[in-house]
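Working through the structure, step by step
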Amino acid sequence: MLAVYKKELRSYLTSMVGYVFIAFILLILGIYFTAYNLQYASPDFGVTLSSVTFLFLIITPILTMRILAEEKKNRTDQLLLTAPVPVWKVVLGKYLSMVTIYAIPVVISAFYPLIMGKYGVISYPMAYVAVIGFFFLGCAQIAVGLFLSSVTESQVIAAVLTFGILFCSYMMDGIESFFSDTAVSSMVAFLVIAIVIGIVVYQLTKNIIFSSCVGGVLVIGVAAVYFIKPTIFTGLIQKFLNLFAIANHFDNFVGGIFDVTGIVYMLSVVCIFVFLTVQCIQKRRWS
Amino acid sequence: MIEVRNLVKKYGDHIAVDHLDFTVEKGKIYGFLGPNGAGKSTTMNMITGYIASTEGEILIDGHNILDEPEVAKKKIGYLPEIPPLYQDMTVMEYLKFAAELKSIPKEEREKNIKEVMSTTKLEDMKKRLIKNLSKGYKQRVGLAQALLGYPEVIILDEPTVGLDPKQIIEIRDLIKSLGKKHTVILSSHILSEVSAVCDHVLIIDRGKLVASDTPENLSKVMTGMNSLELTVKGEEAVIRDALGMVENIEDIAYHSSMTEGACDFTIKISGDMDMRENIFFALSEVKCPILRMQPTNMSLEEVFLKLTNDEGRLEDKEMEGEK
């Protein structure tokens, strides 16, 4: 694991990618910091961080697109997968190297509140809680990018997919408002999701009986819950979609609240996507 | 050392490897021979644990590659068809990374890398970026990587493809010297290469094992097909008549010759008789000098045809025996 970690770290720091990534974060963050905190003299660093969360839409693909797609394209994955190292260690090494690169600008940004403190009174706990939240937010999105890099051989496709999915996650508040919050419409949306899950299971297993059973059980379950207690469904689709809005879980940190559920959420996103990445690589070996 | 039992790999409906069964013994050089797409690389990828088999099992020194991947993979060094090289690393960096990946203990790493580089003659290149190396050197870096940690089994997928003749000879000599300490499996679609280097040859066609024997025995099979190439000075009709007098000739095929006033022939002789002397005397009587006479080198395709036909015949005989 350490070998992969060191190798990736070196490759980020000997090529342009790592520096472009770090410089881009610092540039955008610097502009917002100057505008909000220095010019406008706002004592709230969290607001600055929360207004640059759109950054991740651009920088995450830059960082993650090559991490696994390139290995597959150059056939260097043959070296990694035939070495006496389990797949999860390879994936984790790669993920941690990206997190380390991402930590560099975050650590630099941790000096900004000190600069502000020179010229006025600010709340350091509030500022640093926001920085910690910002760090975890980035870690979660990098995990998404890691997974999407493992599904394709092409860096461009990996980058576009990452951008698309992170964009949907970023715009989830808007997407939620497409649905009305009545119980009926919510139930219908869940029925559609149940059927989609059935189709996905069929695509993965090619077993029509199993997949229709899964789809059927979910559809019946949703319908049954609706007939027993329809009020559960009121606004449920919004709550469900909100799970996918990664950046929304950063809001509490901005306000200076050390939100443990937020951290648990981000770490779960990391675990799920690292796990999916490992599974995706394993699946390719079996098919 | 390696046991392959009932190995099957399916890609959708396509069967790439079809019930392979063989054992590899310690300290020998094995050659996988087959045309492109015969399933050589797929089999090697399965032995090294890069891809999983659909059916069957592979045991490396008693360890199943899928159940105990770490133990089994430690015993294998693998050079795939395309060497898995990171273009932006120097040779030294790459080998250090590979050594660390193979969890060679820290204190041995340095020494090991040095030895491997001297075996593959890479010392002068150690500070060069891999992307600036020639194909031959890239192949050597790949080979050096496979040798790191001196695994018991070394698997090489078409190690000489794309190299110039001098490099091919160097790599072959290297493989021969490796065979003294390690078990080596290499694949190739060149018959002469496999028979020159290997102690044992496995011929694969369309995913099936067609033959498994020593090169000596296989060459006996091949000479059984008696065929000669001749260049004779003189008129075609005269030569044909003269050759017609010789017994055991099945077929005479005429080709136009590069040499002026001469004719080329391919002659097929039935049975295992050596008819070269008879042909010489027959042609000397009509005063047609033989400029060239040599046994036809069997191409791989012909070997396959021969082997598959033989197998067909054997099965027929067994069927008759049952009746």
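Residues numbered from 1 in each chain as written. Chains lettered and ligands numbered in written order. Predicted model: local features only at pLDDT ≥ 70, side-chain atom pairs only at ≥ 80, totals over all residues.

What about the overall build of chain A?
This is how it is decided: Helix and strand definitions follow DSSP, with helices as H or I runs of at least four residues and strands as E runs of at least two, each counted in order from the N terminus. With C-beta atoms placed from the backbone, a residue counts as buried when 20 or more other C-beta atoms lie within 10 Å of its own, as exposed when 12 or fewer do, and as partly exposed for counts between those limits. Any two residues are considered in contact once their C-beta atoms, placed from the backbone, lie within 7 Å.
When its secondary structure is counted, chain A shows 15 helices and 0 strands. Projected onto the principal axes, the alpha-carbon positions of chain A cover approximately 65 × 50 × 30 Å. Sorting the 287 residues of chain A into buried and exposed places 34% on the buried side. Within chain A, contacts between residues separated by at least 24 positions form 78% of all contacts whose residues are at least 6 apart in sequence.

What about the overall build of chain B?
For chain B, the helix and strand inventory stands at 11 helices and 14 strands. Taking all 323 residues of chain B together, the buried fraction comes to 36%.

What to know about the sheet that holds strand β13 (residues 262-269) of chain B
All names here are of chain B. We apply this condition: Pairing between strands is defined by DSSP: at least two bridges between them are needed. Axis lines are fitted to C-alpha atoms, over the contacting stretch for helices. Their N-to-C directions set the angle, which ranges from 0 to 180 degrees.
As summarised here, the arrangement of the 4 strands in space is β12-β13-β11-β14, forming an open sheet in which the pairing is antiparallel. At either margin of the open sheet sits one strand with a lone partner, and together these are β12 (249-256) and β14 (290-295). Averaged over all pairs of adjacent strands, the angle between strand axes in this sheet comes to 20 degrees, irrespective of strand direction. Pairing of β12 with β13 involves 7 bridges; the strand directions are antiparallel. Following the sheet pairing, serine 256 is matched in β13 by cysteine 263. Sheet strands in contact with helix α9 (residues 236-245) are β11 (227-233), β12 and β13, and its direction is about 165 degrees off that of β12.

A word on the interface of chain A and chain B
Note the following rule: Residues are grouped as follows: nonpolar covers Ala, Val, Leu, Ile, Met, Phe, Trp, Tyr, Cys and Pro; charged covers Asp, Glu, Lys and Arg; every other residue, Gly included, is treated as polar.
Of the residues lining the interface, 17 residues belong to chain A; the matching set on chain B comes to 21 residues. Breaking the side of chain A that touches chain B down by element, the ones donating at least two residues are α1 (2-14), α5 (77-82) and α15 (260-286) of chain A. Its residues assigned to classes, the side of chain A that touches chain B comprises 8 nonpolar, 6 polar and 3 charged.

Regarding the environment of Gln141(A)
Residue and element names in this part refer to chain A. With respect to the element layout, glutamine 141 can be found in helix α8 (residues 124-150). According to the C-beta neighbour criterion, glutamine 141 is buried, with 31 such atoms within 10 Å. Between the C-alpha atom of glutamine 141 and that of phenylalanine 273, which follows or precedes it by 132 residues, the distance is 9.5 Å. Apart from the residues lying within four places of it in its own chain, the contact partners of glutamine 141 are Phe56, Thr60, Leu166 and Ile246.

Describing the packing of helix α4 (residues 55-73) of chain A against helix α9 (residues 155-170) of chain A
Residue and element names in this part refer to chain A. Note the threshold: Should an angle fall under 35 degrees it is called roughly parallel, over 145 degrees roughly antiparallel, and 65 to 115 degrees roughly perpendicular, with every other angle called oblique. Crossing handedness: left-handed means the near helix sits turned counterclockwise from the far one by under a right angle, and right-handed means the same turn made clockwise.
At a minimum axis distance of 8 Å, the contact between α4 and α9 shows a crossing angle of 140 degrees. The pairing of α4 with α9 is recorded here as oblique in orientation. Between α4 and α9 lies a crossing of right-handed hand. Packed against α4, whose contacting residues are Phe56, Leu57, Thr60, Pro61, Thr64, Met65, Arg66, Ala69 and Glu70, the element α9 presents Gln155, Ala158, Ala159, Thr162, Phe163, Leu166, Phe167 and Tyr170 at the interface. Of the residues in the contact of α4 with α9, the class split is 11 nonpolar, 4 polar and 2 charged.

Considering helix α4 (residues 106-119) of chain B
Residues and elements named next belong to chain B. Rules: The span expected for a helix works out to 1.5 Å for each residue beyond the first.
Its 14 residues give α4 an end-to-end C-alpha distance of 21 Å, which sits within 8% of 20 Å, the value for a rise of 1.5 Å per residue. On the buried face of α4, the contacting elements are α3 (91-101) and α5 (135-147). Following α4 by one or two positions, lysine 121 adopts a phi angle in the positive range, close to 55 degrees.

Quick look at the nonpolar core
We apply this condition: We call a set of buried Ala, Val, Leu, Ile, Met, Phe, Trp, Tyr and Cys residues a nonpolar core when their C-beta atoms link them within 7 Å.
Counting residues in hydrophobic clusters, the biggest one holds 123 residues, and the most contacted among them are Ala140(A), Ala143(A), Tyr94(B), Ala144(B), Ile155(B) and Val184(B). If sequence neighbours within four positions are ignored, Ala140(A) has contacts with Ile246(A), Met266(A), Val269(A) and Val270(A). Counting residues in hydrophobic clusters, the runner-up holds 12 residues, among them Leu230(B), Val232(B), Ile267(B) and Ile279(B).

Overview of the environment of Val141(B)
Residue and element names in this part refer to chain B. Position of valine 141 among the secondary structure elements: in helix α5. Sequence separation between valine 141 and phenylalanine 22 is 119 residues, and the spatial gap between their C-alpha atoms is 30 Å. With residues near it in sequence (within four places) discarded, valine 141 still touches Pro83, Leu85, Val91, Tyr94, Leu122, Ile130 and Leu133.

A look at the packing of α3(B) against α4(B)
A pair of packed helices is characterised by two quantities: the angle between their axes and the separation of those axes. Residues and elements named next belong to chain B. For the pair α3 and α4, the least separation of the axes is 10 Å and the interaxial angle reads 130 degrees. On the basis of their axis angle, the class for α3 and α4 is oblique. Where α3 crosses over α4, the two elements pack in a sense that is right-handed. Across from Leu95, Lys96 and Ala99 in α3, the residues of α4 making contact are Arg109, Asn112 and Ile113. When grouped by side-chain class, the residues that make up the contact of α3 with α4 number 3 nonpolar, 1 polar and 2 charged.

Focus: the confidence of the model for chain A
As a reminder, the rule being used: The pLDDT score gives, residue by residue, the confidence of the prediction method on a 0 to 100 scale.
When the pLDDT values of chain A are averaged, the result is 90; 100% of them are 70 or greater. Per-element averaging of pLDDT across chain A places helix α13 (residues 236-242) of chain A at the bottom with 84 and helix α6 (residues 87-109) of chain A at the top with 95.

Description of the pairing of strand β10 (residues 208-213) of chain B
All names here are of chain B. Bridge count between strand β9 (residues 200-205) and β10: 5 bridges; the pairing is antiparallel. Residue pairing for β10: valine 201 is matched across the bridge by aspartate 213. What sits between β9 and β10 in their antiparallel hairpin is a turn of 2 residues, with arginine 206 showing a positive phi close to 45 degrees.

Examining the sheet that holds strand β2 (residues 14-24) of chain B
Residue and element names in this part refer to chain B. Taken together, the 4 strands give an open sheet; going across it, the order is β2-β1-β4-β5, and neighbouring strands pair in antiparallel fashion. The strands lining the two open edges of the sheet, one partner per strand, are β2 and β5 (63-64). Judged from the 7 bridges that link them, strand β1 (residues 2-11) and β2 form a sheet pairing that is antiparallel. Residue pairing for β2: lysine 9 is matched across the bridge by valine 17. Set on the sheet, helix α1 (residues 40-47) makes contact with β1, β2 and β4 (55-60); between it and β1 the angle comes to about 120 degrees.

Points about unusual backbone geometry
Most peptide bonds take the trans form, and the phi angle of most residues other than glycine is negative. Residue and element names in this part refer to chain B. One non-glycine residue, lysine 121, lies in the positive phi region at around 55 degrees. Tracing the chain through its elements places lysine 121 in the loop between α4 and α5. A positive phi angle, close to 45 degrees, is found at glutamate 158, a residue other than glycine. With respect to the element layout, glutamate 158 can be found in the loop between β7 (153-157) and α6 (165-178).

Considerations on the confidence of the model for chain B
All names here are of chain B. Mean pLDDT over chain B works out to 84, with 89% of the residues at or above the 70 mark. Note on residues 312-323: pLDDT under 50 across the span, and 0 contacts to partners over four residues away in sequence or across chains. Model confidence for the complex: the whole-complex pTM is 0.84, and ipTM, which rates the interface, is 0.85.

What about the pairing of β4(B)?
Every other side chain in a regular strand lies on the same face of the sheet, so the side chains alternate between the two faces. All names here are of chain B. As paired strands, β1 and β4 are joined by 5 bridges and run antiparallel to one another. Bridge pairing in β4 places valine 8 opposite glutamate 55. For β4 and β5, the ladder comprises 2 bridges, and the chain directions are antiparallel. If you follow leucine 59 over to β5, its bridge partner there is asparagine 64. Counted along the chain from β4 to the antiparallel partner β5, the turn is 2 residues long, and its residue aspartate 61 has a positive phi close to 55 degrees.

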